[in-house]
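Residue-level structural notes
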Amino acid sequence: MSDKFIIRFVAGVTIFVIAVVVLLNRHLIPGPAVAPAFTPYLPMLNAVLNGTCTLLLLLSLCQIKQGNITLHKKLNIITFCLSSLFLVSYILFHYLMRNEIVYGDLNGDGQLSAAERVSAGFLRTIYLTILTPHIILAAAVLPLILLSFYRGLQMQVEKHRKLVRWAFPIWLYVTASGVVVYLMIRPFYHF
């Protein structure tokens, strides 16, 4: 496959994924009237997947620094698969769940009243400070992950290294902050 094809493929996948996520978050794709019983468990599954990916990324870094290319590659394949599973689960949750989940929303009505805003206080600011770059970087890192994964599998080491210098720290932040975001928003899930 040519580089031109790979870059177009990665761009296409990235645009598709971002478009689906935006459409779901804006509730422009209608979901079921009643969410299936497993729906409330998806955010926890997502946090577990993100936490596992965080650990695997760090393990992968240790392995490549020790020169263990085979284990490094295996760990990255597992991490890529788990991140893909996360993406499917994340999209499924936002498709199935029609309620707005707002940090500080104590009564679960999807709106933040003045009293709820005061009650949430500074923690809401911290939450939004973590969430905002998490969302932006999650979208930005997708093409970097796809390209670096492809370059690594093809043993295009120099191209892989150049991409990973950016992809690794961003991907690590996204997976780790995903767990933090989940732990912070969890008290406000009203299923």
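Overview of the structure. (Residues numbered from 1 in each chain as written. Predicted model: local features only at pLDDT ≥ 70, side-chain atom pairs only at ≥ 80, totals over all residues. Heavy atoms only, no water.)

Let us now look at the layout of surface pockets. Quantified by volume, the largest pocket comes out at close to 1,500 Å³. Lining of the largest pocket is provided by 47 residues; of these, N25, Y90, H94, H134 and I135 occupy positions nearest its centre. Considering each element in turn, the lining of the largest pocket owes the most residues, twelve residues, to helix α4 (residues 114-153). Of the residues belonging to the lining of the largest pocket, the class tally is 33 nonpolar, eleven polar and three charged. Counted as a void, the second largest pocket has a volume near 700 Å³. Along the walls of the second largest pocket sit 25 residues, with I64, H72, N76, H160 and V164 positioned nearest its centre. The element contributing the most residues to the lining of the second largest pocket is helix α5 (residues 157-185), with eight residues. Broken down by class, the residue content of the lining of the second largest pocket amounts to 14 nonpolar, seven polar and four charged. (1 Å grid on protein atoms, 1.4 Å probe; cavity = no way out; pocket = protein on both sides within 12 Å on 5 of 7 lines; lining within 4 Å. Points joined across faces, edges and corners; volume = space filled by probe spheres on them. Helix = DSSP H or I, 4+ residues; strand = E, 2+ residues; numbered from the N terminus. Nonpolar A, V, L, I, M, F, W, Y, C, P; charged D, E, K, R; others polar.)

Here F93 lies in helix α3 (residues 69-96). Separated by 62 residues in the primary sequence, F93 and G31 place their C-alpha atoms 10.0 Å from one another. Excluding residues within four positions of it along the chain, F93 makes contact with T39, L42, P43, I101, Y189 and F191. (Contact = heavy atoms within 4.5 Å.)

Relative to the helices and strands, A35 resides in the loop between α1 (3-25) and α2 (42-65). A35 sits in the partly exposed class, given a relative accessible area of 30%. Sequence separation of A35 and P133 is 98 residues, and the distance between their C-alpha atoms is 29 Å. (Buried < 20%, exposed > 50% of the residue type's maximum accessible area, 1.4 Å probe, protein only.)

If you check α3, its first and last C-alpha atoms are 40 Å apart, about what 28 residues at 1.5 Å a residue would give, namely 40 Å. Buried residues of α3: H72, L75, N76, T79, F80, S83, F86, S89, F93 and L96, and no others. (Expected span 1.5 Å × (residues − 1).)

Within the element layout of this structure, R165 appears in helix α5. On the accessibility criterion, R165 (63% relative accessible area) is exposed. Through-space distance from the C-alpha of R165 to that of L92 is 31 Å; in sequence the pair is 73 residues apart.

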